[in-house]
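Chain by chain, the residues:
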Amino acid sequence: MHATYFAYENKELAMHNDMQHSKYFQSLNGNWKFNWVDKPADRPLGFWKTNYDDSHWVNFKVPATWEVNGYGIPIYTNIRYDFDYLIKPNPPHVPEQYNPVGSYRKEITIDKSWKGKDIYIQFGAVRSCFYLWVNGQWVGYSEDSKLPAEFNITKYIKAGQENVIAFQVYRWSDGTYIEDQDMWRLAGVNRDVYMYARNPVHIRDVQIIPDLTNDYKNGQLNISLDFLNNNNRDLKNYKASFELLDSSGETISKIAVPLTDSATFKNVVIKLDDPKKWSAEMPYLYTVLTTLTNKSGKVIEVIPQKTGFRKVEIKDGELYVNGKAILIKGVNRHEMDPFTGQFISKERMEQDVRIMKENNINAVRTSHYPNDPYWYELCDKYGLYVVDEANLESHGMGFGANSLSKKPDWFLQHFQRDSRAVERDKNRVCVTIWSMGNEAGMGVNFEKCYEWIKHRDPSRPVEYEPASSTNYSDIFCPMYPSPEGMVNRVMYDSASNHKPFILVEYAHAMGNTDGNFNDYWDTIRKYYPHMQGGYIWDFVDQGFQKITDKGDTIWSYGGDYGVNLPSDQNFNDNGLVAPDRSLHPHMLEVKKEYQNIFTYPEDVMTGKIKIYNENFFKGVENVSLEWELIADGNVIKNGKYESLNVPPHDTALVDLHYSLPRVGYKEIFLNVFYKTKVAEGLIPAGWQIAKDQLVLYSHLNNTLALPASDNLRVRVTDSLITVGNSKAKFVFSHNDGLLHQYIVDGDDFIKQGFDLKPNFWRAPTDNDFGAGLQEKLLNWKRATHNYVLLGFNIDSSDIKNIRLNMHYSLPDVYAYLDINYELNGDGIIKVKESMNADSSKKVPMMFKFGMQMMLPKVYNQMEWYGRGPSENYWDRKDDAFVGIYKMNVHDQFHPYLRPQETGNKTDVRWVKLTDESGKGLLIAGDTVLNISARHYLDEDLDDGLEKHNRHFGELKERDMTVLNIDLEQTGVGGVNSWGTWPLKQYRMEYKDYSYSFIITPVK
């Protein structure tokens, strides 16, 4: 294995650095003749022969993933081997009765100018293994589905003539045992295939390792060349030169060395005083041109490499880049495309980097394998710190005695994957940390790999989560501790307190999630620099687009293909973005907590604020500040501040020069937005990079009182209680005490057949399911439907204000419930809901305490004064500022791949639900409320006691609007999705609750 590069014929081509412009490059992408069978016994024999008749084979593109193109069945599992339904895992054996085999053939002609050259063929990534033939002759075999396989085919290929390339791919091989990652299990050719030609004497590899000296002021590049035979006597007839160019292409330095002695060409040093440094904040790149010339001075080849001056080190138990203990605001990312599977286009990679940069992500872990080389090129160019992970996971073998990491006969499998990843990516300036793999146990094989990597590349730390507490990981990198658990580790775990503490996976982003993300970052910032951040799991939902038998378009997940195959259902949908890269609401919270500029009050009543720049290397000269004063939801003043000057990791005082109005408002907020002045990399000008909302004052005193109105009449029959007059009519049922009709001026605001009812349940989120809350809290679901009316009381002493009290038992949760109504002649209702809990009983928390009302669908316009505009929850609302927002009810529903709770708004002062003409209802509480409105019943989003592979794309909107008016809702949680409950401070524990709200008809 060698570094990723291409050798060009001349400097001009090298500067352009597009290998397709070289006459010594030939792409083999495109159509190949293809044959697919489902077991090795049926594979075509002799297909590699030049005279084999492939006319009956189909045309199939390379690169392409088989299963998303109709060949084989996609299987998703997290830990299980995807073939364990066929045989019991027993390394190195794989199934024989079903193990798909794909055979490829292509006839090509290479230019006659290649004659006399060394000719190579490279397969960028093939899963899981393949055999190669050229012109009927066997060339070789390869496995490791995420690194290139390269073969010298000079003696098999014929320049200027027709040639036959043939290869055969197997879905499963012995290598599959250490490619057991949490992802879709797919096969095929997933990266580019091409050929290229080199001169017989050529550079095999070039290594460029940057360093900083003189207290990080000056730069140094340590360069080493490698040839096919470093002792080849012919090398004395050649020399190598090294040209350093800045980002504009200007030459800064140039040196040449003879090739007479390997001690010389393997120890080249380029020094530069005060270079521009590379960091994720300011990713300045230089170019090194390595030129090989013969003794007459003729250019043989030119190899361009991007590099940057930066230094990575661990000092005092902290991770340093360029002398600063940085913060990792990271994410894990799988290579996945909803249409092309594990073949990822350049455009998709560019989109992923852009989304990361737009949302303040500064680091990425290539979970769990080396990525396409273009990904690193983008990370170099636009600035992302990369944990480069080897393609090594054997989770299905467990971490005990059966772990392959403990088996000496599996050492070579471990070593080759680790060492080849290092050799390929050693020149990538973005790669700041090597990862030996993921969830493969800890044994002697990793110990040896660690020692080799540290010897081979002492310029970077090495990490591996199972080795965190040993001497074989430079970083303590745990998975999924709670914020409290992080503190316990840092304060009391001696294994972690001498290493950087960086979460390799945290904030499991499955479904409606990433609550308590602010708690994570409050903790990290409090304990910085020993805590230095982490990598969210993960970036993108691994869903494929699928058309169901009913014609619905869905994002598919585990279990959506085949029958009775291994499946972990939607556990591969853990993304901050959907498969099409549209943002999930929790990405907005991540952007807020990951931001690098913060606003604090100084004397905020007079416009004085403090601004903190959390960047380590970058000032805020390219940032403008826009501000607005929000009084009772409306902008009353605004302005812009263009002259920010806050050095990295420093604070500055800014005076916005506003004064407060004398008009009496209930509350005033200061909103501050930070935006780019000019474009930076992928971030356009005017892009919001940070924001804060500060409270100047808030004096909410929501006394709810019904105004005077016309008289009301009360009529009681055996089944109904009717209160009304010529304008308004309220109809309650004797059976359940609920309001079933709410008619004002002839319009019934309650959908026929429904009611205004108590509600303690939500459609369980993926985190809820993971914690088993759909079972553990089941009695609250029962209580939502099983409320026993014990009696009611009607107070008609004031005919302008009729009062009703409905008294219920909630036997499933040992509580009593009272719902009090006050009604007036204008159709206004005041509702008070109170629960009296039995403190002697042990009852778990509830999801919510509130009321639910079903309205006709025509009431589809929602305006509210509270947090928004995106959905927000008790434990996930920092991004959602208090303000007045307006949105169609249809858009209140977020399309999580698996239907679940969605659309909540917290801290709502009032909400209006109207038709398009403005007619409808206004609701306000005696305290701030939680509100949601959608065109679905809870049961439409609720899988019950277990998941049933349901999808948003299969849902059909109801002809109604379901309005939730809640006192509070338990947080969505955000530690993991397999057991952890929402943090205690965000739970609705079993106790007494009471709140009131008033409903007013509006026109």
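Definitions and limits used
- Residues numbered from 1 in each chain as written.
- Predicted model: local features only at pLDDT ≥ 70, side-chain atom pairs only at ≥ 80, totals over all residues.
- Heavy atoms only, no water.
- Helix = DSSP H or I, 4+ residues; strand = E, 2+ residues; numbered from the N terminus.
- Buried < 20%, exposed > 50% of the residue type's maximum accessible area, 1.4 Å probe, protein only.
- Salt bridge = Lys/Arg side-chain N within 4 Å of Asp/Glu carboxyl O.
- Domains from an automatic or database assignment.
- Axes fitted to C-alpha atoms, helices over the stretch in contact; angles between N-to-C directions.
- Parallel < 35°, antiparallel > 145°, perpendicular 65-115°, else oblique.
- Left-handed = near helix turned anticlockwise from the far one by under 90°.
- Contact = heavy atoms within 4.5 Å.
- Nonpolar A, V, L, I, M, F, W, Y, C, P; charged D, E, K, R; others polar.
- 1 Å grid on protein atoms, 1.4 Å probe; cavity = no way out; pocket = protein on both sides within 12 Å on 5 of 7 lines; lining within 4 Å.
- Points joined across faces, edges and corners; volume = space filled by probe spheres on them.

This paragraph deals with unusual backbone geometry. Leaving glycine aside, a negative phi is the common case for residues, and trans is the common case for peptide bonds. Note the cis peptide between P91 and P92, where omega equals 5°. Summarising the element assignment, P92 is placed in the loop between β5 (75-77) and β6 (101-109). With an omega dihedral of 0°, the bond running from R127 to S128 counts as a cis peptide bond. By secondary structure assignment, the location of S128 is in the loop between β8 (126-127) and β9 (129-134). One non-glycine residue, D316, lies in the positive phi region at around 55°. Looking at where D316 falls in the secondary structure, it is placed in the loop between β23 (312-315) and β24 (318-321). One non-glycine residue, D745, lies in the positive phi region at around 50°. Inspection of the secondary structure assignment puts D745 in the loop between β45 (739-744) and β46 (747-748). According to the relative accessible area criterion, D745 is partly exposed, its value standing at 39%.

Counted according to the given criterion, the structure contains 65 salt bridges. A salt bridge links R417 to D144; its shortest N-O distance comes to 3.8 Å. Highlighted residues: R417 in helix α5 (residues 411-425) and D144 in the loop between β10 (137-143) and β11 (149-152), separated in sequence by 273 residues. The burial state of R417 is the same as that of D144; both residues are buried. In this structure, K618 and E680 form a salt bridge, with 2.7 Å as the shortest nitrogen-oxygen distance. Of the two residues, K618 is situated in the loop between β36 (608-613) and β37 (623-631) and E680 in the loop between β40 (667-676) and β41 (688-698); the sequence distance between them amounts to 62 residues. Residue classification places E680 among the partly exposed positions, given a relative accessible area of 30%.

According to the domain assignment, the chain consists of domain 1 (11-198), domain 2 (201-312), domain 3 (321-540 + 574-592), domain 4 (596-698) and domain 5 (714-1002). Look at where the C-alpha atoms of domain 2 and domain 4 centre, and you get two points 45 Å apart.

Another aspect to go through is the packing of helix α7 (residues 483-492) against helix α8 (residues 517-527). Interaxial distance between α7 and α8 falls to 9 Å at its minimum, and their mutual angle equals 20°. By the angle between their axes, α7 is roughly parallel relative to α8. Pair α7 / α8 crosses with right-handed handedness. Residues P483, M486, V487 and M491 of α7 form the contact with α8, whose own contacting residues are D519, Y520, T523, I524 and Y527. Among the residues forming the contact of α7 with α8, the class breakdown is seven nonpolar, one polar and one charged.

Where empty space is left in the structure can be found by rolling a water-sized probe over the atoms. Applying the stated criterion across every chain yields a total of eight cavities of 30 Å³ or more. Estimated volume of the largest cavity: approximately 70 Å³. Around the largest cavity sit A7, Y8, E9, Y24, K117, A197, R198, N199, I300 and E301, which together line it. Elements supplying a minimum of two residues to the lining of the largest cavity: β15 (193-198) and β22 (299-307). Its residues assigned to classes, the lining of the largest cavity comprises five nonpolar, one polar and four charged.

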